[in-house]
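Residues per chain, in single letters:
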Amino acid sequence: MRLSTDTLSGRSGDGRHSETGLLQTRQTDYQRPRQDLGERGLADGSASDRELTVQLRELLTSLAQGQAVHRTPQRIVVTGVHTETEASFLAMKLAMTCAGSGYRVLLVDANFDRPMVHRNFGLSTRLGLSTLLLSSDAPHALPQATPVPNLAAITIGPDCPNWSSLLTREQLFHRLQPLAGSFDYILVDCGGLAPDLVGRVSAGADNVLVAVKQHVSSMRELANIVETLRGEGVREPAILMVE
């Protein structure tokens, strides 16, 4: 997958685009990676994979430069307009890029229609996001180590028929707040969730990334997502053209 380079600029506090730079590294130690799985299939080492990693580092830098106040952890939501698969892949690669730069990262699978995190990393769904939504318990038992150093994940969890009503009722980042001290980034993969659900999940987010594809994505639906985010008090999303 490629990102169009003109979508990689961040936004300053007045809405203008800012220049990008290299993401500074930081050495952290959260959990040891799962030794039994390795990283086979997560990164192919090809030129296109390396190019995407560079683009994502530039994207992260531009997003950070566009914030008046930088807080830790950074809370980022990734979604798509008729690009569910691409959005989930983008969320995974973004999480891996952050982790590869030495940041402690938590990737949360909120893509109830097509959950991918447990498949991509070979993780269990015995506990996960649905577990959190169905209880009042703290989330400390939910993150699982992945094959990627510094990267943990909360999978979708057990089947949950009423997940949409639970997402509407809950403020996800508020429920994840007890984990804030353990991570530098919390990324939520929304896949192709409906705009109203994306808005609810994004409440409290620092940035929302929306993956779109030319001649595929609906501009009306994109406008609906933007309007819904405004209603939740979330800043303008970054629109990423995927190829």
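See the structure shown above.
Notes on the structure in this doc start here.

The rules we used
Residues numbered from 1 in each chain as written. Predicted model: local features only at pLDDT ≥ 70, side-chain atom pairs only at ≥ 80, totals over all residues. Heavy atoms only, no water. Helix = DSSP H or I, 4+ residues; strand = E, 2+ residues; numbered from the N terminus. Buried < 20%, exposed > 50% of the residue type's maximum accessible area, 1.4 Å probe, protein only. Contact = heavy atoms within 4.5 Å. Salt bridge = Lys/Arg side-chain N within 4 Å of Asp/Glu carboxyl O. Core = buried A, V, L, I, M, F, W, Y, C linked by side-chain atoms within 4.5 Å.

With that out of the way, let us pick up the overall build of the chain. If you tally the helices and strands in the chain, you get eight helices and nine strands. The buried share of the chain, reckoned over its 243 residues, is 54%. Taking all contacts inside the chain whose residues are at least 6 apart in sequence as the whole, residues at least 24 apart take part in 83%.

Evaluated as defined, the whole model comprises eight salt bridges. In this structure, the salt-bridge partner of Glu232 is Arg200, at a minimum N-O distance of 3.4 Å. In this pair, Glu232 is assigned in the loop between α8 (219–231) and β9 (238–241) and Arg200 in helix α7 (residues 195–202), connecting sequence segments 32 residues apart. Arg230 serves as the salt-bridge partner of Glu227, at 3.3 Å between the closest nitrogen and oxygen. Linking Glu227 with Arg230, this pair stays in helix α8, spanning three residues, or about one helical turn. Assessed through its relative accessible area of 46%, Arg230 is described here as partly exposed. Through salt bridges with shared partners, a single network forms among Arg169, Glu170 and Arg175.

Another point: the nonpolar core. Formed by 37 residues in total, the largest nonpolar core has its most connected members in Leu129 and Val188. Discounting residues that sit within four places of it in the chain, Leu129 has contacts with Val108, Asp109, Ala110, Phe112, Ile154, Thr155, Ile156, Gly157 and Leu172. In terms of nonpolar packing, the next biggest core, distinct from the first, is built from 32 residues, Ala95, Cys98, Val148 and Tyr185 among them.

Okay, the environment of Gly231 next. Relative to the elements of secondary structure, Gly231 occurs in helix α8. Given a relative accessible area of 67%, Gly231 falls into the exposed group.

This part covers α7. With respect to burial, α7 is a largely interior element, seven of its eight residues being buried. Of the positions making up α7, those classed as buried are Pro195, Leu197, Val198, Gly199, Arg200, Val201 and Ser202. Next to the buried residues of α7 lie β3 (74–80), α5 (163–169), α6 (172–176), β7 (185–191), β8 (207–212) and α8. With its phi angle positive at about 95 degrees, Gly204 sits one or two positions after the end of α7.

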